[in-house]
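What follows is each chain in one-letter form.
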Amino acid sequence: MIRRALRLGLGPGLLGRGLGAHREGSTLDWHGKVSEIKKKIQSVLPGGAWSPLCDTSHLPPEHSDVVIVGGGVLGLSVAYWLKRLEKRQGAIRVLVVERDHTYSQASTVLSVGGIRQQFSLPENIQLSLFSVEFLRNINEYLAVVDDPPLDLQFNPSGYLFLASEEGATIMENNVKVQRQQGAKVCLMSPEQLRKKFPWMNTEGVALASYGLENEGWFDPWCLLQGLRRKVQSMGVLFCHGEVTRFVSSSNHMETAIGEKVTLKRIHEVHVKVDHSQEYQPVECSIVVNAAGAWSGRIAELAGIGKGPSGTLQGTKLPVEPRKRYVYLWHCPQGPGLEAPLVADPSGAYFRREGLGNNYLGGCSPAEEEEPDPGNLEVDHDFFQEKVWPHLAQRVPAFETLKVRRAWAGYYDYNTFDQNGVVGPHPLVVNMYFATGFSGHGLQQAPAVGRAVAEVMLEGHFQTINLSPFLFSRFYLGEKAQEHCII
Amino acid sequence: MKQSVKQSDGTGSVSPTLGRSWEPLRGTGGSQKDKNSLRLVAPVWNRGTSGIRGLSRSVDPEGSQRKGRTLLQFLADHFYDVEAVREYLLQKQVLKVLRKNRSSTYIKERYGPYVAGAYFILKQGGAVKFQDKEWMRPNGRGLSGELWKLREVPIEAVDASGCAITYQGLDNLLALQELQSLSLQCCPHVDDWCLSRLYQLANSLRELSLAGCPCISERGLACLHHLQNLRRLDISHLPAVSNPGLTQILVEEMLPNCEVLGADWAQGLKLGPEEQSHDTASSPIPA
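Residues numbered from 1 in each chain as written. Chains lettered and ligands numbered in written order. Predicted model: local features only at pLDDT ≥ 70, side-chain atom pairs only at ≥ 80, totals over all residues. Heavy atoms only, no water.

Peer 1: It is not clear to me how the overall build of chain B should be interpreted in this structure. Could you clarify?
Peer 2: When its secondary structure is counted, chain B shows 12 helices and seven strands. In chain B, buried positions account for 45% of the 287 residues. Of the contacts formed within chain B by residues at least 6 apart in sequence, a portion of 64% connects residues at least 24 apart. Split by element, the accessible area of chain B, about 15,200 Å² in all, is 53% carbon and sulfur. (Helix = DSSP H or I, 4+ residues; strand = E, 2+ residues; numbered from the N terminus. Buried < 20%, exposed > 50% of the residue type's maximum accessible area, 1.4 Å probe, protein only. Contact = heavy atoms within 4.5 Å. Areas by Shrake-Rupley, 256 points an atom, 1.4 Å probe, with all protein chains shown as cover.)

Peer 1: What should I look at first to understand the packing of helix 4 (residues 73-85) of chain A against helix 13 (residues 441-458) of chain A in this one?
Peer 2: All names here are of chain A. Orientation of helix 4 relative to helix 13, taken along the N-to-C sense of each, is 45°, at an axis distance of 8 Å. As far as their axial angle goes, helix 13 and helix 4 are oblique. Once helix 4 is placed against helix 13, the crossing between them reads as right-handed. Each of V73, L74, S77, V78, W81, L82 and L85 in helix 4 lies in contact with helix 13, whose residues at this interface are L442, A445, P446, V448, G449, R450, V452, A453, E454, M456 and L457. By residue class, the composition of the contact of helix 4 with helix 13 is 14 nonpolar, two polar and two charged. (Axes fitted to C-alpha atoms, helices over the stretch in contact; angles between N-to-C directions. Parallel < 35°, antiparallel > 145°, perpendicular 65-115°, else oblique. Left-handed = near helix turned anticlockwise from the far one by under 90°. Nonpolar A, V, L, I, M, F, W, Y, C, P; charged D, E, K, R; others polar.)

Peer 1: Please explain the packing of aromatic side chains as it appears in this structure.
Peer 2: All names here are of chain A. Throughout the structure, instances matching the rule amount to 28 aromatic pairs over all chains. Here a set of aromatic residues connected by ring pairs shows up, and it is made of F197, W199, Y210, Y325, Y327, W329, F350, Y359, F382, F383, W388 and F398. Between the NZ or CZ atom of R99 and the centre of the ring of W294, over which it lies, the distance is 5.0 Å. Geometry around F238 places R228 over its ring, the cationic atom sitting 4.5 Å from the centre. (Phe/Tyr/Trp six-rings, centres within 6.5 Å; stacked < 30°, edge-to-face > 60°. Lys NZ or Arg CZ within 6 Å of the ring centre and 35° of its normal.)

Peer 1: How should the nonpolar core be read in this particular structure?
Peer 2: The nonpolar side chains of a soluble globular protein tend to be buried with one another. The biggest cluster of nonpolar side chains holds 118 residues, and the ones touching the most others in it are L182, L208, L221 and L224 of chain B. Ranked by residues supplied to this core, first place goes to helix 13 of chain A with nine residues. Discounting residues that sit within four places of it in the chain, L182 of chain B has contacts with V158, L173, L198, L201, L205, E207, L208 and S209 of chain B. Formed by 31 residues, the second largest nonpolar core is a distinct cluster that contains L160, C186, Y325 and L401 of chain A. (Core = buried A, V, L, I, M, F, W, Y, C linked by side-chain atoms within 4.5 Å.)

Peer 1: Where do I start with the sheet that holds strand 5 (residues 185-188) of chain A in this structure?
Peer 2: In sheet architecture, strand pairing relies on hydrogen bonds along the backbone and comes in two forms, parallel and antiparallel. Residue and element names in this part refer to chain A. Pairing in this open sheet of eight strands is mixed, and the strands run 5-6-4-13-14-15-12-16 from one edge to the other. The sheet terminates laterally at strand 5 and strand 16 (402-414), the two strands that pair on one side only. On average, each strand axis in the sheet is inclined to that of its neighbour by 20°, with strand direction left out of account. For strand 12 (residues 319-330) and strand 16, the ladder comprises 12 bridges, and the chain directions are antiparallel. Residue R322 lies in a different strand from strand 16, and its bridge partner there is Y411. (Pairing = 2+ DSSP bridges.)

Peer 1: Please clarify how the pairing of strand 12 of chain A should be interpreted in this entry.
Peer 2: Side-chain positions along a regular strand alternate between the two faces of the sheet. Residue and element names in this part refer to chain A. Burial analysis of strand 12 places nine of its 12 residues in the buried class, which makes it a mostly covered element. As paired elements, strand 12 and strand 15 (residues 358-363) share four bridges and run antiparallel to each other. The residue bridging W329 from the neighbouring strand is Y359, located in strand 15.

Peer 1: Is there a simple way to think about the confidence of the model for chain A in this case?
Peer 2: Keep in mind that low pLDDT regions are not for reading the predicted coordinates in detail. Across chain A, the average pLDDT comes to 90, with 92% of residues at 70 or higher. Below a pLDDT of 50 lies the segment residues 9-23 of chain A, which in the model reaches 12 contacts outside its immediate sequence neighbourhood of four places, other chains included. (pLDDT = per-residue confidence, 0-100.)

Peer 1: Help me out: how do you make sense of the environment of G459 of chain A in this one?
Peer 2: Residue and element names in this part refer to chain A. On the secondary structure map, G459 appears in the loop between helix 13 and helix 14 (472-476). Classification of G459 by relative accessible area gives exposed; the value is 55%. For G459 and G423, which are 36 residues apart along the polypeptide, the C-alpha to C-alpha distance reads 9.6 Å.

Peer 1: What exactly am I supposed to notice about the pairing of strand 1 (residues 66-69) of chain A here?
Peer 2: Residues and elements named next belong to chain A. Residues V66 and I68 of strand 1 are buried on one face, and the alternating residues V67 and V69, pointing to the opposite face, are buried as well. Of the strand pairs in this sheet, strand 1 and strand 2 (residues 94-98) are connected by four bridges, and their pairing is parallel. Residue V69 lies in a different strand from strand 2, and its bridge partner there is V97. Regarding topology, helix 4 serves as the crossover connection from strand 1 to the parallel strand 2, and that connection is right-handed. Of the pairings in the sheet, the one linking strand 1 to strand 11 (residues 286-289) comprises four bridges and is parallel in character. In the strand pairing of strand 11, V67 is matched with V287. (Right-handed = clockwise from strand over helix to strand, strands pointing away.)

Below, the structure is given as C-alpha cells:
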C-alpha cells in the first residue's frame, strides 16, 4: 500500500513534470537526487532488496543450483532445457553468467549461421536433425505470451560439398551414413553439377553431395534473442560478470582396484562484476562450462589439467580459441537464387546473402598458418592470397568481385578431434561441459542443450547418446574424429 | 449415400516431440508475474490515464508495442486462471490444426497413396482431380462413394487453396508422384520450410500457385529451383517477400522455362509512367 503510494507519489508524473522546466539549466541535478532518494526508500521498505550494509542489486544471487558460465547459444540452450525438463515448476534455480552483454566477441553472433546434416559421425547427424526440427518449430518451443513470433530468416538452400578424386570414397561412405540416419542428401556427378549450377567450374571435382532438405542458413542473433527471452520468462537469472575463481573441496577416495583418486567438488563460483573489483561468491551445486572459445581458461580455473601429464588429473580441456575470418563481397554476375552453401575441396566456402548479389564466405587456414587469436582484427591479405584464388577457380564469375565488409570470430576449437565436449568431468564431479564444437556449435546447440540437461537431471543421455563426446576420451585417447569440418 | 469412414488412424504419424511440446508451459516466470501485476495495478490510482489501454501504456516501458491490448490480455496478466484459459484455448487451436494434418496410415495401406492423399485434401476442404475424371470437391454430406474405388488412378491436380496444410500434412501430397498442378493459394501455414520439401514432386509438377500465402518469403522461393519441369508459377501477393519485383526477376532467371506470374518487375523502381511502357521486358537476359 505504502509502496504503491510512494511509487505514484514520487513517480515522474507529479514531481518530474513540475520540475521539468528547470532540468536543463539546473546545476543541482534535483531530479537525479530525488530519484536516488526514491530508490533508497523503495529498497528499505519490506520486500525490497535492501541489505543494511550495502546495496547488492547489481550482484548475482548468493545461491543458485546451477551456474552456467557463458551466455551464448549453448549456455542458453542448456538453461532452456533445464527449465523445461525439470520435474516441478521452479524446482531448479539457474544462473547464467555472461561477461559481455553486447556479445561483441561471442562466436554465436559472428557465425555464418549455417546448419547441415552432412557430417561423418552419426551422433553429429542426429544432433543436427533434432536442431533443425527445433528451429522449424521454434515458435512452439520458444513461445512467450504476448510476444511476437520469431522469424529466423531461414534459407533452406542446402549445402553442397565438393570432393576431389581422393575424397570421393570417403564422401560416398559419409553420405551412406547420413542417409541411414535420416538426412536427405544426394550425390551428384560433375555433369549433373554443370547442368544444375552452370556458373560452377567442375574441374577437379569428382563427386558432390547436396543436402536437399533441412539444410541452409539462418540468423543466429534471432535465435539467441528468442532463447534469452524465453529463458528469462521461465525464471532463469542473468548476471553480467566474469567468473574468476572456483572454490572447491577435495575428497580422497579409492577405486575398486585400490588406486587412489582425488575427486573435487566445486562449492562456490566467484563472479567478478565488470569494471570493478567487487565479486560475489555464488554457492552452487553444478557448474556448466559453456564459455565457448574461453572454456579452456574456465577449465583451468577449476583445476582441470593440473597434474602430471599422461594422467587423468593432468589431462587438460583441449579447447582453444581459433580466429576465423568471414568476408562479404559483391559480385554482380555471380550465382543466382539457387546457390547453396558451396564448400570447395580446398576448404574455401561461400553462400549467397540476400537478394543483391552479395556473398559471404571464407576459408579455414591450414594448421601452420593459424592467425593469432589475441584480437578480432581482420587480415584482408588472407582473402587475397588464400580465399579468392580458390573461389575464382570454382566460380569464374568471382574473378570480378569487391569485398564490402569483413569480420572475424572465434571457433571454440577442439584440438583433439574437432568435436564437442559434453557431459561431466570424471574428477571434478560437478562440472559439466557443453563446448568445443569447433565451428558447428550453433547448429547443434538445441540438441546439445537437451543432452546436457538430461545428463544433469537423469544421469545419462536419454534421447541422443553422446557418450563418444565425453571428456574421458581425451585421457583414453579415443578420437571421435569428424571429417566434414568447414 | 453417405459413407462413414472410421477414424481408425490412431497411429497417425504425429511427431513425438511436437506431442511433447503441448504439455502446459511450465515455469512461466512466477516472479516475473508478480512484478507485472504490481506494475499494472499500481497506476489504477494514477489519475492521468484513460481506460485500460491508457493503463498499460503509461506504465509499461515498451508500452508502444502493446497499444492494442485487449481486455482478455489485461485480465490474463492479473489472474492465473485467465492466463491458463488463454493458453488452453491457444493450444486447442494449434492442436486442431495438428489433428487435421495427421496422415492416416490405415487408409494409405488399404487404399493406396492416391486415395489417402485425396481423402486428406477433401477433409481439409480442398478439391482433387484424378486422371481422366472431373474435379472432386467435398460436398456437404460427406465424401463421395466413388473415392474408394479409385485405388490405381493417379491424381493429376490438387487445389488446396485456403486449407490449413502444415509441414507434416504435406506428407500426403508428396506421395502423389504424378501430380501436375498444385494450388496452395492463401494457405496460412505453408511457409519456407514447406517449400523446401516440394523437390520431391520435381518430375511431374507443371503448375504451382502460391499466391497470397502469408508465410512465404523469397528464401523459400529460392528452393523452387528443383522444379525444372514447372511451366507456370504464381507468386503474386506474397506479403512476406521483401522485394517482389527483384524476387520475380531472380526467380525467372532461376527457372528459365517457366512463366512466372507475380508482381510487375518494375514495382519498386522509381520510373515515370512513360518510361515504364518502354521497359516492360518479357524476360531479362540471363547472367
